[in-house]
Structures are given as structure tokens and as C-alpha cells.
Amino acid sequence: MSNVAEILGRFPPEQVPVRSHMDDPKIKWRVSKPNYDVVNSKYLSERTREHASDSLEKVVENLFKTFEMEAGHKLDPKDWGCIVPDGSFRFKTNNGRWHTTEELIKVGTYNAFLMQCPFYSAATSDFETSHTLFKTCFSGGFAWELLEVYANLPVVNLKWRHWSHFTGPYNDNPATGELLEIVGTAIAIVDSDLKIKQLEFYYDPNPFMMTLNGGKVECPHANKQK
């Protein structure tokens, strides 16, 4: 952790990502309040964009990082602060089916994002197994950055990058240490308080997941998909 602290110390505080709605002592955390020092250090040292602290890009990037935190760690939808509070929020990936907040909490973000990928079996994975799997192979953090944003409120369109180094085993496939990254787009519909009403992600997970599966061309889970 000393290296993480040293990296974080190189950057002004305003450049460190802000994940809001984490300080209420009544929040029902899945395990405990998360610490983002490792992934923040990776983001700051390896990002390809540096957004001004008062820019639209930084506001939207922090909003999406808050969403990722809440989706991955909060058990009660009432504790989510980045989405509309009326229960109407919905989420989907690559034109798949819509998920409610409750469904997203149950299946987990990895399963929701990879539900249509033939190189991953979301049907046979739950929240815990999926997060253990990816935290093991991406032990140095799985960072996310906003590349570009176009907003004509209430619609926000953006291009993003998600990356890590393959530092731990993925199932039976050994780590290679190589950089793996995904570039995709997203469309968010927000209200006047920048609370998210609807969120769609679009990207191609197949090259990324093929590498984790040892470069196999065949689809190891194709027969297990529902």
C-alpha cells in the first residue's frame, strides 16, 4: 500500500475521483464501506485524459464512478444517491433486457454487463463468484475513465475506457501481466438534479474475455447461456 499512497500523493486532491453518497452511517453495505485507493492510484497514473475539476467531463465521470460504487456495494436501493428516488431507474447493456435496481443488486454488475457474452457464463455465476473472479485476475484494480462527453440535457452521451492488467489467474488460465482494455459508449437520461433515470452501455466484450479465457476461439460457455 505504500506505493499506492506514494502515487496518490503525486496528484492534487481535486484530481482524485469523488464517489458521492458514501458517508451516511445508516448505509447497508454488502460487506463494508469500500476503499478506492488502489483503483484511484491506477486511474490517476494510467488515464489518457485529464479533466479539469470544474468541467462537465469531471462531473459526469464522478457520477458514473458513484454509480459503479453504489451498484457494487450497496444492498438497499434506498441508499443509492445517484439515481432517481422514485424506483423507476432502469439499466441495460448492448440492447439486452432492462434491469431494475433490485435486479442489478442481485446479479451484480459483472453478470449484468456480460450477460450476452458467449465467453462468460452469467447464468451460472452469482454476485459473489463473479466479483471474486475478476478481483483475483485484476488485483491491481480495474480502472474506468471518461474519454468524451456530449450532453443535451436530459440526455448525456459519452465514450469511456475500462482497463486493467491481467495480474492474477482467471479460472484455470494463468496471469500474463498484459494490459487489457475495453472502449465503449453509454447513454444516460438524467433529471434536473443529475440523478440517473435510465442508463445504457454499449461495448464489445468478446476480445477482452477471449484473452482471459486463454485466447480460445471456441465459446466455452455457449451451451450454458439462457
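Scroll up to find the structure.
Residues numbered from 1 in each chain as written. Predicted model: local features only at pLDDT ≥ 70, side-chain atom pairs only at ≥ 80, totals over all residues. Heavy atoms only, no water.

Q: What's the story with the overall build of the protein chain in this structure? I'm lost.
A: If you tally the helices and strands in the protein chain, you get seven helices and five strands. Listing each helix as α and each strand as β along the protein chain from the N terminus yields α-α-α-β-α-α-α-β-β-β-β-α. On C-alpha atoms alone, the protein chain measures out to a radius of gyration of 17 Å, which is about the 17 Å that the 2.2 N^0.38 rule sets for 226 residues. Across its three principal directions, the C-alpha atoms of the protein chain cover 45 × 40 × 35 Å. Taking all 226 residues of the protein chain together, 47% fall into the buried category. Sequence-distant contacts, at least 24 apart, represent 63% of the contacts inside the protein chain between residues at least 6 apart. Entry remark: accessible area of the protein chain is about 11,400 Å², with carbon and sulfur atoms responsible for 53%. The distance from the centre of the 25 positive side-chain charges to the centre of the 29 negative ones in the protein chain is 4 Å. (Helix = DSSP H or I, 4+ residues; strand = E, 2+ residues; numbered from the N terminus. Rg over C-alpha atoms; globule rule 2.2 N^0.38 Å. Buried < 20%, exposed > 50% of the residue type's maximum accessible area, 1.4 Å probe, protein only. Contact = heavy atoms within 4.5 Å. Areas by Shrake-Rupley, 256 points an atom, 1.4 Å probe, with all protein chains shown as cover. Lys, Arg positive; Asp, Glu negative; His and termini not counted. Charge placed at Lys NZ, Arg CZ, Asp CG, Glu CD.)

Q: Where do I start with the sheet that holds strand E1 (residues 90-93) in this structure?
A: For sheets, the rule is that strands pair by backbone hydrogen bonds, running either parallel or antiparallel. Read from one edge to the other, the open sheet built from five strands follows the order E1-E5-E4-E3-E2, with strand pairing classed as mixed. Both edges of this open sheet fall to E1 and strand E2 (143-152), since each of them pairs with a single strand only. Sheet twist, expressed as the mean angle between neighbouring strand axes with direction ignored, is 20°. Direction of pairing for strand E3 (residues 155-165) relative to strand E4 (residues 179-190): antiparallel, over a ladder of 11 bridges. Its bridge partner being in E4, His-165 is matched across the sheet by Leu-179. The sheet strands contacting helix H2 (residues 37-46) are E2 and E3, and the helix crosses E3 at an angle near 100°. Lying on the sheet, helix H3 (residues 56-73) is in contact with E1, E2, E3, E4 and strand E5 (196-202); it crosses E2 at an angle near 125°. (Pairing = 2+ DSSP bridges. Axes fitted to C-alpha atoms, helices over the stretch in contact; angles between N-to-C directions.)

Q: Looking at this structure, I do not really get the layout of surface pockets. What am I missing?
A: Empty space among the atoms can be located by rolling a probe the size of a water molecule over them. Computed from the structure, the largest pocket encloses a volume of approximately 1,000 Å³. Only H2, H3, helix H5 (109-113), helix H6 (127-137) and E3 provide two or more residues apiece to the lining of the largest pocket. Looking at the lining of the largest pocket residue by residue, the classes come out as 20 nonpolar, 11 polar and six charged. (1 Å grid on protein atoms, 1.4 Å probe; cavity = no way out; pocket = protein on both sides within 12 Å on 5 of 7 lines; lining within 4 Å. Points joined across faces, edges and corners; volume = space filled by probe spheres on them. Nonpolar A, V, L, I, M, F, W, Y, C, P; charged D, E, K, R; others polar.)

Q: I'm lost on the side chain of Thr-66 in this one. Help?
A: With respect to the element layout, Thr-66 can be found in helix H3. Dropping the residues within four chain positions of it, Thr-66 is found in contact with Val-18, Arg-19, Ser-20, His-21 and Cys-82.

Q: Help me out: how do you make sense of the side chain of Asn-213 in this one?
A: Inspection of the secondary structure puts Asn-213 in the segment after helix H7 (206-212). The class of Asn-213 is buried, set by a relative accessible area of 5%. A polar contact is formed between the side chain of Asn-213 and the backbone oxygen of Met-209, at a distance of 2.9 Å. (Polar contact = N/O pair within 3.5 Å; in protein donor to acceptor, adjacent residues only side chain to side chain.)

Without other data, these values stay purely geometric and don't point to any function.
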